[in-house]
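Below are the chains, spelled out letter by letter.
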Amino acid sequence: MTALIDARKVSRVYGEGATAVLALDGVDLEIPVGQFVALVGPSGSGKTTLLNMIGAMDAPTGGRISVDGVDLGSLDRDGLTAYRRDKVGFVFQFFNLVPTLTALENVELIARLTGDGAHVRSVEALAAVGLDDRVDHFPSQLSGGQQQRVAIARALAKQTPVLLCDEPTGALDRANGAEVLDLLQRAARDFGRTVIVVSHDPAVEDVADRALHLVDGQIVDDRRS
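Every value quoted in this text rests on a predicted model; they were computed, and no experiment measured them.

Caption draft 1: Layout of empty space enclosed by the protein. In this structure the tally under the stated criterion is one cavity of 30 Å³ or more. Approximately 30 Å³ is the volume attributed to the largest cavity. Considering the residues around the largest cavity, the lining is formed by Ala128, Val129, Ile152, Leu156, Leu183, Arg186, Ala187 and Phe191. Elements represented by at least two residues in the lining of the largest cavity include exactly helix H5 (144-157) and helix H6 (174-189). When residues in the lining of the largest cavity are grouped by element, the largest group, three residues, is from H6. For the lining of the largest cavity, the residue count by class is seven nonpolar, no polar and one charged.

Caption draft 2: Expanded view of the pattern of salt bridges. Taken as a whole, this structure holds 14 salt bridges when the rule is applied. Of the charged contacts, one joins Asp28 and Lys9 as a salt bridge, the two residues approaching to 3.2 Å between their closest N and O atoms. Linking Asp28 in strand S2 (residues 21-32) with Lys9 in strand S1 (residues 3-14), this pair joins segments that are 19 residues apart in sequence. For Asp28, a relative accessible area of 34% translates into the label partly exposed.

Caption draft 3: Focus on the environment of Ile65. Here Ile65 is to be found in strand S4 (residues 62-67). When the C-alpha positions of Ile65 and Ala7 are compared, they lie 4.4 Å apart, and in sequence the two are 58 residues distant. If sequence neighbours within four positions are ignored, Ile65 has contacts with Asp6, Ala7, Val10, Met53, Ile54, Pro60, Val70, Asp71 and Leu72.

Caption draft 4: Representation of helix H3 (residues 103-111) in the model. Taken together, the buried positions of H3 are occupied by Ala103, Leu104, Asn106, Val107, Glu108 and Ala111. For H3, the elements touching its buried residues are helix H4 (118-128) and H5.

Rules of the game
Residues numbered from 1 in each chain as written. Predicted model: local features only at pLDDT ≥ 70, side-chain atom pairs only at ≥ 80, totals over all residues. Heavy atoms only, no water. 1 Å grid on protein atoms, 1.4 Å probe; cavity = no way out; pocket = protein on both sides within 12 Å on 5 of 7 lines; lining within 4 Å. Points joined across faces, edges and corners; volume = space filled by probe spheres on them. Helix = DSSP H or I, 4+ residues; strand = E, 2+ residues; numbered from the N terminus. Nonpolar A, V, L, I, M, F, W, Y, C, P; charged D, E, K, R; others polar. Salt bridge = Lys/Arg side-chain N within 4 Å of Asp/Glu carboxyl O. Buried < 20%, exposed > 50% of the residue type's maximum accessible area, 1.4 Å probe, protein only. Contact = heavy atoms within 4.5 Å.

Following this line, the structure appears as structure tokens:
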């Protein structure tokens, strides 16, 4: 399969001199279209740093990352903004919903950034995550699992090729976490999204197509289901 995401010798150093911290150390990685990848490892292993590099929320100190054939290092500020808008959907541990907007309005707010048909895309995304009967509910009227499903619908409605998730089950109980993982599996399988999940939840590794184990900024194991 052709790589959608291609990282070559990617390193990231924070700080300088004696206080410098090597967060990523020469990472090589290829991820094809439609693969569900788990990034796992101990705290400080570089998982979130790698996720942030792919999402263009941080830049490598060395090496390069290309997504869909575009070297992220070649993009200026406007180009990086367009990349995050058009190519990447984000799901975080905390749902980041606007409390004064309904579920549908929360999704549509983001969907409007990526072209026409925002309302239809938003309705379809909420239906895809099983919330078609909750579109007019405010976040305070939804459970934690339902709020995370709204956050996933918000990312799906953008119709971006890449979905980046940082501890998406971290604030949920086991049952709701399992539902969220099932939705992310479906995003890859049924919608062709390339899904990358950072997590300490062992259940993520069980359902992913591939689990990359990071230790001290390096990929030490690449397990495929």
